[in-house]
Structure formats: structure tokens, C-alpha cells
Amino acid sequence: MPVGGSYQIGVKLTGTKAAAVKFHSTNDKVATVAKLKNGNYQVTGNGLGTVYIMFDVYDNKNKLLTHASVRVDVKTGIRPRGDSTRQIGVF
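These notes cover the structure that comes with them.

**Considerations on the overall build of the protein**
Secondary structure assignment for the protein yields zero helices and six strands. Counting from the amino terminus, helix and strand elements in the protein follow one another as β-β-β-β-β-β. Every one of the 91 residues in the protein was classed for burial, and the buried ones make up 29%. Accessible area of the protein: about 6,500 Å², with a carbon and sulfur share of 48%.

**Focus: the side chain of Ser25**
Tracing the backbone shows Ser25 in strand E2 (residues 20–25). In this structure Ser25 comes out as buried when scored by relative accessible area, which is 10%. A polar atom in the side chain of Ser25 sits 3.1 Å from the backbone nitrogen of Asn27. In this structure the side chain of Ser25 is engaged in a polar contact, spanning 2.6 Å, whose partner is the backbone oxygen of Ala31. Not counting residues within four places of it along the chain, the set of residues in contact with Ser25 comprises Ala31, Thr32, Val33, Val51, Tyr52 and Ile53.

**What about the side chain of Asp56?**
Mapped onto the elements of the fold, Asp56 is located in strand E5 (residues 49–58). No salt bridge is formed by the buried Asp56. Its closest oppositely charged neighbour is Lys22, at 8.2 Å. At 2.6 Å, the side chain of Asp56 and the side chain of His67 are in polar contact. Contacts of Asp56, omitting those with residues within four sequence positions, involve Ala20, Val21, Lys22, Leu64, Thr66 and His67.

**Thoughts on the packing of aromatic side chains**
Inspection of the entire model under this criterion finds two aromatic pairs. Here the aromatic rings of Phe23 and Tyr41 are separated by 4.7 Å at their centres, their planes lie at 65 degrees, and the arrangement is edge-to-face. Of this pair, Phe23 sits in strand E2 while Tyr41 sits in strand E4 (residues 41–45), and the two are 18 residues apart along the sequence. According to the relative accessible area criterion, Tyr41 is buried, its value standing at 2%. Centroid distance Tyr41 to Phe55: 5.2 Å. Interplanar angle 75 degrees. Geometry classified as edge-to-face. Residue Tyr41 is located in strand E4, and its partner Phe55 is located in strand E5; the two are separated by 14 residues in the primary sequence. Aromatic ring contacts, followed pair by pair, group Phe23, Tyr41 and Phe55 into a single cluster. We note Lys22 situated over the ring of Tyr58; from NZ or CZ to the ring centre the distance is 4.4 Å.

**Things to note about unusual backbone geometry**
Unlike most non-glycine residues, Asn62 shows phi in positive territory, near 65 degrees. Structurally, the position occupied by Asn62 is in the loop between E5 and strand E6 (64–74). Under the relative-accessibility criterion, Asn62 is labelled partly exposed at 47%.

What counts and how
- Residues numbered from 1 in each chain as written.
- Predicted model: local features only at pLDDT ≥ 70, side-chain atom pairs only at ≥ 80, totals over all residues.
- Heavy atoms only, no water.
- Helix = DSSP H or I, 4+ residues; strand = E, 2+ residues; numbered from the N terminus.
- Buried < 20%, exposed > 50% of the residue type's maximum accessible area, 1.4 Å probe, protein only.
- Areas by Shrake-Rupley, 256 points an atom, 1.4 Å probe, with all protein chains shown as cover.
- Polar contact = N/O pair within 3.5 Å; in protein donor to acceptor, adjacent residues only side chain to side chain.
- Contact = heavy atoms within 4.5 Å.
- Lys, Arg positive; Asp, Glu negative; His and termini not counted.
- Salt bridge = Lys/Arg side-chain N within 4 Å of Asp/Glu carboxyl O.
- Phe/Tyr/Trp six-rings, centres within 6.5 Å; stacked < 30°, edge-to-face > 60°.
- Lys NZ or Arg CZ within 6 Å of the ring centre and 35° of its normal.

Structure follows, in C-alpha cells:
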């Protein structure tokens, strides 16, 4: 992703145990993540480097159920692109 660029990541919870998604970037200087009103998460490139966007799903007793992460490379002179894939966490 270019500096100043952004991507959206969709997260869908199913099942009765899933209660909350906690998310963060491993380095906010490289990229930040914010939840949008439509339920997606927007990642914005802030500076050069590689970052992981972490998603942790917890139950209603705050027990970790599953984890997923997305690698984002922020570079200069790059055109936006990405691979649309599905990652499924089963618990």
C-alpha cells in the first residue's frame, strides 16, 4: 500500500460464543486501523515499513477464542493492490 493509501478489511462473526473483536496495529507509525460504521476495518498507511493488523475474537467472559492477522507493506512508488482471500477461524 502507498503512504496515505487505505484498504478495508471485513470481519464477520458467526456462532453464539463470539462476543467481541479487539484489533490493533503492531506499529501505528507505519499503519493504523479503525472500525468503520459499516462494520469493516480501515487500514491507513502512515509511513514506510511492514506492519501486522491483529484481530482477536473473545467470548463474553473475555476468553480468547481465535486470532487472525493481516500483513501490510507500506512502500513508496507502489500502486494499490491486494489479494482478496478468506481466513476462517473455528473455535
